[in-house]
Amino acid sequence: MDARPKGPWMEAGREAGLVLSAQRGDLDAMLGLMRYYQRPLWRLCFAFTCDIVEAERMAQDAGRRALRNLRQLPSGQPFFPWLARLTRTLAISRLRRASGDGRDRREGHLRRPNGERWSSGALGAHHLEYERKVLDAFAGLSAEDRTLLALRLFERLPYAEIAIVSGLALAPTMHRIAALREIIELATRDEKAA
């Protein structure tokens, strides 16, 4: 039921070959891995930061860190969950440096994630309001919770791999993601229904 999806993932044999070559010093193999997972990595970084510029910086830092630490990737382990865990560690250390205690003090969005201003017109105003509610609810979550949702909903990682990345047991990971989905859903309901 929770098998790895075929779409965004590299074939296991090809990935294993690239990882092995990269671990032996083949720069082209490492760049191939990073190029393949560039978008999922950026989306993960955006989930942590909710900021385009910071997400780009974090993705670049995570890529450099992955390049330096690739030999630590255990044989047979998929690359992206390992990269996601490395990125998570980097993001948590950045949050701790920025806030002093590791808490995320991000407020609601003043702009859309693509940098455009929020503007509503007659056409599509209800979609714009829904989008704003979803993004505000997402931004209101902790960086850790945003990452759990991003790994499951955007990257479609199986729960077992998300548990490895997050350091939580499988059952608590599944329950936490379900609760986060509920939080987002509740935030998007009309005030009349609430």
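It should be noted that the structure appears before, not after, this text.
## Overview of the packing of aromatic side chains
For the coordinates displayed, the defined rule picks out 6 aromatic pairs. Seen in terms of ring centroids, Tyr-36 and Tyr-37 are 5.0 Å apart; in terms of plane orientation they differ by 80°. Their pairing is edge-to-face. Of the aromatic side chains, those joined through ring pairs into one cluster are Tyr-36, Tyr-37, Phe-79, Phe-80 and Trp-82. Over the ring of Tyr-159 we find Arg-152; its NZ or CZ atom is 3.9 Å from the centre of that ring.

## Description of the pattern of salt bridges
Should their charged atoms come close, side chains of opposite charge can pair. Per the stated rule, a full pass over the model turns up 8 salt bridges. Residue Asp-61 is joined to Arg-64 by a salt bridge in which the shortest nitrogen-to-oxygen separation is 2.2 Å. Here Asp-61 and its partner Arg-64 are both found in helix H4 (residues 52–69), 3 residues apart, which amounts to about one turn of the helix. By relative accessible area, Asp-61 is classed as partly exposed at 21%. With its nearest N and O atoms 1.9 Å apart, the salt bridge here joins Arg-94 to Asp-61. Of this pair, Arg-94 sits in helix H5 (residues 79–99) while Asp-61 sits in helix H4; the two residues are 33 residues apart in sequence, bridging distant segments of the chain.

## Focus on a nonpolar patch on the surface
There is a patch of nonpolar side chains on the surface, built from Leu-27, Leu-31 and Leu-67 and spanning about 270 Å² of accessible area. Among the secondary structure elements, Leu-27 is positioned in helix H2 (residues 27–36).

## Observations concerning the nonpolar core
Ranked by size, the top nonpolar core spans 48 residues in total, and within it Phe-79, Trp-82, Leu-83 and Leu-151 carry the most contacts. Among the elements that make up this core, the one with the highest residue count is H5 (9 residues). Here Trp-82 is in contact with Ala-66, Asn-69, Leu-70, Gln-72, Leu-73 and Gln-77, once residues within four sequence places are set aside.

## Quick look at the packing of helix H3 (residues 38–49) against helix H7 (residues 143–154)
Contact geometry of H3 with H7 gives a least axis separation of 7 Å together with a crossing angle of 150°. The angle between the axes of H3 and H7 places the two elements in the roughly antiparallel class. Note on packing geometry: the crossing formed by H3 with H7 is right-handed. Contacts from Arg-43, Leu-44, Ala-47, Phe-48 and Thr-49 in H3 reach Ala-143, Arg-146, Thr-147, Ala-150, Leu-151 and Phe-154 in H7. Residue composition of the contact of H3 with H7, grouped by class: 7 nonpolar, 2 polar and 2 charged.

Criteria and thresholds
Residues numbered from 1 in each chain as written. Predicted model: local features only at pLDDT ≥ 70, side-chain atom pairs only at ≥ 80, totals over all residues. Heavy atoms only, no water. Phe/Tyr/Trp six-rings, centres within 6.5 Å; stacked < 30°, edge-to-face > 60°. Lys NZ or Arg CZ within 6 Å of the ring centre and 35° of its normal. Salt bridge = Lys/Arg side-chain N within 4 Å of Asp/Glu carboxyl O. Helix = DSSP H or I, 4+ residues; strand = E, 2+ residues; numbered from the N terminus. Buried < 20%, exposed > 50% of the residue type's maximum accessible area, 1.4 Å probe, protein only. Patch = residues over 30% accessible without salt bridge, like charges linked within 9 Å, V, L, I, M, F, W, Y side chains within 5 Å. Areas by Shrake-Rupley, 256 points an atom, 1.4 Å probe, with all protein chains shown as cover. Core = buried A, V, L, I, M, F, W, Y, C linked by side-chain atoms within 4.5 Å. Contact = heavy atoms within 4.5 Å. Axes fitted to C-alpha atoms, helices over the stretch in contact; angles between N-to-C directions. Parallel < 35°, antiparallel > 145°, perpendicular 65-115°, else oblique. Left-handed = near helix turned anticlockwise from the far one by under 90°. Nonpolar A, V, L, I, M, F, W, Y, C, P; charged D, E, K, R; others polar.

Geometric descriptors of this kind do not, in isolation, establish any biological role.
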